[in-house]
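Structure assessment
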Amino acid sequence: MNATLPVAARRTLPKVEAVFPEQARAASQWLCRDALQEYADLFSSLGTSLAEAAYRGCDREAIVHLKQLRLTLIAAMDAGKKLGALAS
């Protein structure tokens, strides 16, 4: 779970989980859902950039956007797995 959280949250979350487990779980789920929303926005933006680069014939740019899309998808899948683990 902590890999996708900001540094401050990673430091605080273990302490909070020990005192308020249900609230910590809800907060963790909220953070994962928020991260998924951000990844979706980023994925949409990168997809548009990829389409524009391909339309212009900028192969290097298109390849960069493909790599960025791949990394974004991997990060989003990781956040989704963590959300699934929190739900069970």
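Residues numbered from 1 in each chain as written. Predicted model: local features only at pLDDT ≥ 70, side-chain atom pairs only at ≥ 80, totals over all residues. Heavy atoms only, no water.

Remarks on the overall build of the protein chain
Here is the rule we go by: Strands here are runs of E lasting at least two residues and helices are runs of H or I lasting at least four, both read from the DSSP assignment and numbered beginning at the N terminus. Throughout this description, buried means an accessible area under 20% of the type-specific maximum (1.4 Å probe, protein chains only), exposed means over 50%, and partly exposed covers the range between. In this analysis, two residues are considered to be in contact whenever any of their non-hydrogen atoms come within 4.5 Å of each other. For the area figures, the Shrake-Rupley method with a 1.4 Å probe applies, and any residue is considered shielded solely by the protein chains shown.
Looking only at helices and strands, the protein chain features three helices and zero strands. Listed by position from the N terminus, the elements making up the protein chain come as α-α-α. The proportion of buried residues among the 88 residues of the protein chain is 23%. Long-range contacts, defined here as pairs at least 24 residues apart, represent 64% of the contacts in the protein chain between residues at least 6 apart. As displayed, the protein chain offers around 6200 Å² of accessible surface, 62% of which is attributable to carbon and sulfur atoms.

Remarks on the pattern of salt bridges
Should their charged atoms come close, side chains of opposite charge can pair. Our working rule: A pairing counts as a salt bridge when a side-chain nitrogen of Lys or Arg comes within 4 Å of a carboxyl oxygen of Asp or Glu.
Counting across every chain of the model gives two salt bridges. With its nearest N and O atoms 2.8 Å apart, the salt bridge here joins K82 to D78. A residue pair is termed a helical-turn pair when its members lie 3 or 4 positions apart in one helix, as K82 and D78 do in helix 3 (residues 59-87) at four residues.

Focus on a nonpolar patch on the surface
Test applied: In this analysis, a patch consists of residues with relative accessible area above 30% that form no salt bridge, clustered at 9 Å for like charges and at 5 Å for the nonpolar side chains Val, Leu, Ile, Met, Phe, Trp and Tyr.
On the surface, F43, L73 and M77 cluster together into a nonpolar patch covering about 280 Å² of accessible area. Structurally, the position occupied by L73 is in helix 3. Here L73 falls in the partly exposed class, since its relative accessible area comes to 42%.

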